[in-house]
Amino acid sequence: MTSEVKNNIVIEKTAHSKLSQADFSHLVFGKLFSDHMLVADYIDGKWQTPKIMPYQPLPYEPSAKVFHYGQAVFEGMKAYKDVNGQVFLFRPEENFKRMNNSAKRLGMPPIPEAYFLQGIKELVKLDKDWIPTGPGESLYIRPVYIATENAVAASPSNSYRFMVMTSPAGKYYSGDVKVKVEDKFSRACDGGVGYAKAAGNYAAQFYPTEKAKKEGFQQIIWTDAREHKYLEEAGTMNIFFRIGDKLLTAPTVPQSSRILPGVTRKSIIQLAEDNGVEVEVRPIEINEIIEAAQNDNLKEIFGAGTAATVLPISGIKYKDFYTDLPQLKDSYAERFKKMLMDIQYNRTDDPYGWRVPVL
Ligand code: COI
C-alpha cells in the first residue's frame, strides 16, 4: 500500500484493485463498489484528518449509537465522464448544504466543506477508471454520516464518522413504473425529519412500499400525514405532474418540512421555467389530479431524483381510481431529462455553472 498527502487528505492506495474483476456489462444499481472510500472521524469535539483508503468493513462495536437510534444521514450524487474522459460532478455544493442541514436536524456536528467537496473530488479522481461510460451510466457517490459512540443511551453521540463510497451505476428503475397513492401510512409530518436525508426515513417506507409492490406498483406517492390529501414525494424521487402545459410540484423547505429538497427537482424547475414552461410549486390535491385525468388533461407524471434521474410514471392508483398515463412523443420528462443529462455529461454549454470538473 502506498501513502501520500494531497489537499490535507491522507491517501492510501490499494495494492489489490478489484477493477479487472468488475463486470461492467451487468451493472445492478448500488451493488458494486469501487476500490477506495473516504473516511473522516469526529472525536472529542474535533474533526480528524480525512483519509482515503481501500474500501473495507467498518470497525464498530454492536453498541455504536447508529445501530440503535439511527443517528445517520446520507447523500446521493453522481460523477459523469464525457466522451473525452473528463469527469464532472453535478452541483455538489447543493449536496454539501443538504447534508449539513440533515445533520443539524439529527443533532450532529457540521461536516467541514473541504472534507466533503475536496474529499469527494480526490476520491473520484483516484477511482476514475470505475466510472462507467455506457448510456446513462455514471459513478454513484454515497456520502454517509453516522454516530459511532459505544453507548446504549438515547442521546447524541460524542463521536461520528463521515464516509464516502462510490459505485458504478446504470439505471435505478427498469421497466414500467406505476405508483400507488398511499392513503394510510405516512412518510413525514410537519416539524419532523422529512426534509432531511435521514437514514430512518427510508427504512420507514419499506413496509408500505413492499405492500404496494405486491399489488403491482413499484413506488408509492406519499400524501400528507394529516389529511392524506396532498401529494408529496415518492421516497426515492420528488414528483412532477403535468396538467395541460403546466408543471406542478409540491413545495419543499421552507414552505414544507415534509419533503426532501431534491437537487434534480430544483434543476428541472429551473430548466422548465427557462424554457417557457409554467411551473407551479404548491400543495397538490389528489382530487385535482383525478379530475384532470377524467378530463384528459393529466398529460404526465414523472419522478426526479439523483439515482433515478427523470423517470416517467406509467400509471397511478388512488383507492378505487386507476389511470394509465398517455405515452407522449415530446414529453416534458424526456425533454428536460435530455437537457439535464446534456449538461451533466458535458454535451452542451452549462449556462448555470452546475458542472464541476474533477479532472
Ligand atoms: C438518490 O436519488 O440518490 C437517493 O439517495 C435515493 C436513494 C434511495 C437511492
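All values reported here derive from a predicted model rather than from experimental measurement. (Residues numbered from 1 in each chain as written. Predicted model: local features only at pLDDT ≥ 70, side-chain atom pairs only at ≥ 80, totals over all residues. Heavy atoms only, no water.)

With that settled, the discussion passes to the overall build of the protein. Each helix and strand in the protein was counted, giving seven helices and 20 strands. For 359 residues, the compact-globule formula gives about 21 Å, and the C-alpha radius of gyration of the protein, at 21 Å, lands near that figure. Viewed in the frame of its principal axes, the protein has a C-alpha envelope of about 65 × 50 × 35 Å. Counting only residues that meet the buried cut, the protein has 55% of its 359 residues in that class. (Helix = DSSP H or I, 4+ residues; strand = E, 2+ residues; numbered from the N terminus. Rg over C-alpha atoms; globule rule 2.2 N^0.38 Å. Buried < 20%, exposed > 50% of the residue type's maximum accessible area, 1.4 Å probe, protein only.)

So, on to the site of the ligand. Close contacts around the ligand come from F74, G76, Y140, R142, Y172, K197, Y202, T236, T306 and A307, and that covers them all. Within the side chain of K197, one N or O atom sits 2.8 Å away from an oxygen atom of the ligand. In this structure, an oxygen atom belonging to the ligand sits 3.4 Å away from a main-chain N or O atom of T306. Considering the ligand on its own, with 280 Å² of exposed area, one finds that the protein chains cover 91% of that surface. Its residues assigned to classes, the shell around the ligand comprises five nonpolar, three polar and two charged. When residues of the shell around the ligand are assigned to domains, at least three fall in each of domain 1 (2-169) and domain 2 (178-343). (Near = heavy atom within 4 Å. Polar contact = N/O pair within 3.5 Å; in protein donor to acceptor, adjacent residues only side chain to side chain. Areas by Shrake-Rupley, 256 points an atom, 1.4 Å probe, with all protein chains shown as cover. Nonpolar A, V, L, I, M, F, W, Y, C, P; charged D, E, K, R; others polar. Domains from an automatic or database assignment.)

The strand order across the open sheet built from four strands is β12-β11-β18-β19, with neighbouring strands paired in mixed fashion. The sheet is open, and its two edges are formed by β12 (219-221) and β19 (321-324), each paired on a single side. Put simply, the sheet's adjacent strands are angled 20° from each other on average, direction ignored. Strand direction decides the pairing type here: strand β18 (residues 315-318) and β19, joined by four bridges, are antiparallel. Looking across to β19, one finds that Y318 is bridged to F321. Along the sheet, helix α6 (residues 286-294) makes contact with β11 (178-181), β18 and β19, crossing β19 at roughly 55°. (Pairing = 2+ DSSP bridges. Axes fitted to C-alpha atoms, helices over the stretch in contact; angles between N-to-C directions. Contact = heavy atoms within 4.5 Å.)

Look at helix α3 (residues 113-126): 20 Å from first C-alpha to last across 14 residues, which is about the 20 Å you get at 1.5 Å a residue. Every buried residue of α3 is listed here: Y115, F116, L117, G119, I120, E122, L123 and V124. (Expected span 1.5 Å × (residues − 1).)

Let us now look at the environment of G30. Along the chain, G30 falls in the loop between β2 (9-13) and β3 (36-43). Residue class for G30 comes out partly exposed when judged on its relative accessible area of 32%. Spatially, the C-alpha atom of G30 lies 10.0 Å from that of K171, the residues being 141 residues apart in sequence.

What follows concerns the nonpolar core. Counting residues in hydrophobic clusters, the biggest one holds 51 residues, and the most contacted among them are F116, V124, Y145 and F162. Each of domain 1 (2-169) and domain 2 (178-343) contributes no fewer than three residues to this core. When residues no more than four places from it in sequence are discounted, the contact partners of V124 are A79, V87, L89, I131, L139, I141 and V358. L248, I290, A308 and I316 belong to the second largest nonpolar core, which has 27 residues in total. (Core = buried A, V, L, I, M, F, W, Y, C linked by side-chain atoms within 4.5 Å.)

Turning our attention to the sheet that holds strand β15 (residues 279-281). Spatially, β15-β14-β13-β16-β17 is the arrangement adopted by the five strands of the open sheet, whose pairing is mixed. Sheet topology places β15 and β17 (309-312) at the edges, where each strand pairs with a single neighbour. Averaged over all pairs of adjacent strands, the angle between their axes in this sheet comes to 25°, without regard to strand direction. Judged from the six bridges that link them, strand β13 (residues 238-243) and strand β16 (residues 298-305) form a sheet pairing that is antiparallel. Of the residues in β16, the one forming a bridge with R242 is E300.

Another point: the packing of helix α5 (residues 263-274) against helix α7 (residues 332-344). One can describe the packing of α5 onto α7 by two numbers: an axis separation of 10 Å at closest approach and a directional angle of 110°. When the axis of α5 is compared with that of α7, the two are roughly perpendicular. On α7, the residues that touch T264, S267, I268, L271 and A272 of α5 are F336, M339, L340 and I343. A per-class count over the contact of α5 with α7 returns seven nonpolar, two polar and no charged. (Parallel < 35°, antiparallel > 145°, perpendicular 65-115°, else oblique.)

On to the pairing of β18, then. The side-chain alternation of β18 yields two buried faces, one formed by G315 and K317 and the other by I316 and Y318. With three bridges joining them, β11 and β18 adopt parallel strand pairing. Its bridge partner lying in β18, V179 is registered against I316. Hairpin connection between β18 and β19: a loop of two residues separates the two successive antiparallel strands, and K319 in this loop has a positive phi of roughly 50°.

Partitioning the protein into domains gives domain 1 (2-169) and domain 2 (178-343). Spacing between the C-alpha centres of domain 1 and domain 2 amounts to 28 Å. In this structure, the connection of domain 1 to domain 2 is made through one salt bridge. Counting the contacts that link domain 1 with domain 2 gives 10 residue pairs in polar contact (both at pLDDT 80 or more). Secondary structure elements with two or more residues in the side of domain 1 that touches domain 2: β6 (72-74), β7 (77-81) and α2 (92-105). Sorting elements by how many residues they give to the side of domain 1 that touches domain 2 places α2 first, with six residues. (Salt bridge = Lys/Arg side-chain N within 4 Å of Asp/Glu carboxyl O.)

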